[in-house]
Amino acid sequence: MQLGLSVSDSDVSSFTPLVVLELADDTKAEAITWLLNRIRDKQQNGGAELLVNQLLFPAQDDQKPNPNVFVVGSTLQRLLNGAEDVGLFKEFQDGTMRGFTYANRESFNDFNEGFLSDAECQYIIKHELDTLRAKNEEHVPGYPKLKLYPGKSVVRRLQSKGVLNQYFPLHNKEDLKRLSFSWYKKFKLSFQPLDDIRHYFGEGLALYFGFLEYFTFALVPMALIGIPYYLFDWEDYDKYVLFAVFNLVWSTVFLEVWKRCSATLAYGWGTLSRKKAFEEPRAGFHGALGFNPVTGREEPVYPSSKRQLRIYLVSVPFVLLCLYLSFYVMMVYFDMEFWAINIYNEDPSIATSILLFVPSIIYAVVIEIMNLLYRFAAEFLTDWENHRLESSFQNHLVLKVLVFNFVNCFASLFYIAFVMQDMVLLRQSLATLLITSQILNQVMEAFLPYWLQRRRNKKVHKRMRRLMGDKELPLLGQVKLETEMNTYLGTFDDYLEQFLLFGYVSLFSCVYPLAAVLVVLNNITEVYSDAFKMCHVFKRPFSEPATNIGVWQLAFETMSIIAVVTNCALIGLSPQVKAYFPESDTQLILIVVAIEHVLLAFKFILAFVIPDVPKHIQVNLAKLEFDSLEAFKKRVSTHFLKKEP
């Protein structure tokens, strides 16, 4: 592992710092001593067997620095043993991906000092810290009221009670510089360095950027068709039928091919066949002391009935209230729209023509503000529901946010399309909402964080230079800078943005063909802005093993089903199609519904016919499973032969 930073002290041999651990500045001395001893202690004694050292920052004029900042590292052998514990998959000599074992380490390809990536080393340390369990301690030393439960995570307990402020992986300056240069520092029309991203940030983040890249390239055919369609059919709204049909096929094939792409990436990264780890309770989970029926350990237990009552009596009514508020704001927007149209009709001019776009712009800004406020409320409610597992928390949060964002962003477009049936206004509203939301997202997600981080960096550098004088202490300066960086909260908001953009394209781009062009341009800038943020604005996140994009795959597939129904309805509303049924609206509706059912059936057949995992990967996985069974049989037979007299 070639990490550029090192630190040494008299008690611990020189090691590479990988993770920063910051306790509250008023943490009791006995609690610190106890925690450090547990981290350093041997595994057989219940410790993590890691290396840890304290960082002492110079005193400042205006405030006292936090003395409880530590860096954590590990020996190479401990990391290799940890790689086996967490179930890392590596490339075997025969080219297949197999679970790493320390006993067979020489049989894996490229087994040397760089065998484990930075992200994997830091993930292993995080796993060892998270699984550092309480033994026979009844409470944290120095905190009689901070109870400990045998077998439960010590670090999670300290984090939930505010004793542990944060812990995060350190950036590697040299590797970060190389990644930045190949990723975003030079503009080029090429694929992203996904393997390098995965080595530095882990599979979860690499899969997001892989999906962003795939989505962008998949939109290119839509954009190429949309440009001439937009230019030559600007005033002919009847000709969107062909584009709607193409939209139907594209939204179906797009997701099915992505499944194969993600499976290929996950197999190459060794996560496709990796077993899911046993989930520990969330740090914020609380309840009365009881027994876990699975582990048999004593831990907090919260009745499912109480959680369901909170969900159905509080969370659901709150979501419905927010949806009602969204509809109310939408009707205010339409009142503003009619007001602007009336002014324009009374006095057509350049000023009044510009005024026509003002209601949509204001509405787009209000939508973004409502989405942001609702997100905070949804997080608070989901946390208050007290879900035991992080996966359950995320699923409930995603559901709440998706329902509101879908209604808030698309309700007005559905109303214009199917109630007002005004395709001119639909095109204008879609264009304004899409362009305004993209500009706001770029400002909020890229320019504002960049500006704030630059100001923060200047202050930290100036403060460190004033305190240290001519001394060169790069580790202290780096830790101080990264401690004050914003924490990356995961890919939730990134996937949510792509979900909404996919909705704009798949639902209504037939009436505004430039939607795909705008999304392509947005995603190109998104790649560069997100890459910069990950490298220089946020703390480095811990690697998270991922096989696919998780619950977001289901969200995108649901949107594609809605897109089939929506595009079929838009086709039915086309004057071209209505001309074939001048006397019978019922017959037209029945035919449109029949076509929609046929297309949905085609979609599900296509999903069934196209394998989610390519054939050669299926063969390799089957081979791995066969070899594992044979090895197990051999061990069992050897065991019984040894027992025979």
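Residues numbered from 1 in each chain as written. Predicted model: local features only at pLDDT ≥ 70, side-chain atom pairs only at ≥ 80, totals over all residues. Heavy atoms only, no water.

Points about the nonpolar core
The biggest cluster of nonpolar side chains holds 111 residues, and the ones touching the most others in it are Trp183 and Trp552. By residue number, the principal contributor to this core is helix α7 (residues 203–232), which donates 15 residues. (Core = buried A, V, L, I, M, F, W, Y, C linked by side-chain atoms within 4.5 Å. Buried < 20%, exposed > 50% of the residue type's maximum accessible area, 1.4 Å probe, protein only. Helix = DSSP H or I, 4+ residues; strand = E, 2+ residues; numbered from the N terminus.)

Considering the sheet that holds strand β8 (residues 164–169)
The sheet built from four strands is open, its strands ordered β2-β3-β1-β8 with antiparallel pairing. A single partner strand is all that each edge strand has here, and the edge strands are β2 (51–55) and β8. Mean inter-strand twist for the sheet, computed between neighbouring axes without regard to direction, equals 20°. Pairing between β2 and strand β3 (residues 69–73): five bridges, direction antiparallel. The residue of β3 that forms the bridge with Asn53 is Val71. Most of the contacts of helix α1 (residues 29–40) go to β2, to which it runs at about 145°, and overall it touches β1 (19–23), β2 and β3. Those strands touched by helix α3 (residues 118–130) are β1, β3 and β8, and its axis lies near 150° from that of β8. (Pairing = 2+ DSSP bridges. Axes fitted to C-alpha atoms, helices over the stretch in contact; angles between N-to-C directions. Contact = heavy atoms within 4.5 Å.)

Observations regarding the pairing of strand β7 (residues 143–147)
Pairing analysis gives two bridges linking strand β6 (residues 139–140) to β7, with the strands arranged antiparallel. The partner of His139 across the bridge, within β7, is Lys147.

Quick word on the environment of Arg157
For Arg157, the location among the structural elements is in helix α4 (residues 154–160). When the C-alpha positions of Arg157 and Ala134 are compared, they lie 9.7 Å apart, and in sequence the two are 23 residues distant. With residues near it in sequence (within four places) discarded, Arg157 still touches Leu146, Lys147, Leu148 and Tyr149. Within the local environment of Arg157, its side chain forms a polar contact with the backbone oxygen of Lys147, the two atoms lying 2.8 Å apart. (Polar contact = N/O pair within 3.5 Å; in protein donor to acceptor, adjacent residues only side chain to side chain.)

Some words on a nonpolar patch on the surface
There is a patch of nonpolar side chains on the surface, built from Ile435, Ile439, Val443, Met444, Phe447, Leu448 and Trp451 and spanning about 670 Å² of accessible area. Here Val443 shows up in helix α13 (residues 423–468). Accessibility expressed as a relative area gives 37% for Val443, which makes it partly exposed. (Patch = residues over 30% accessible without salt bridge, like charges linked within 9 Å, V, L, I, M, F, W, Y side chains within 5 Å. Areas by Shrake-Rupley, 256 points an atom, 1.4 Å probe, with all protein chains shown as cover. Salt bridge = Lys/Arg side-chain N within 4 Å of Asp/Glu carboxyl O.)

Everything listed is a geometric property; what it means functionally is a separate question.
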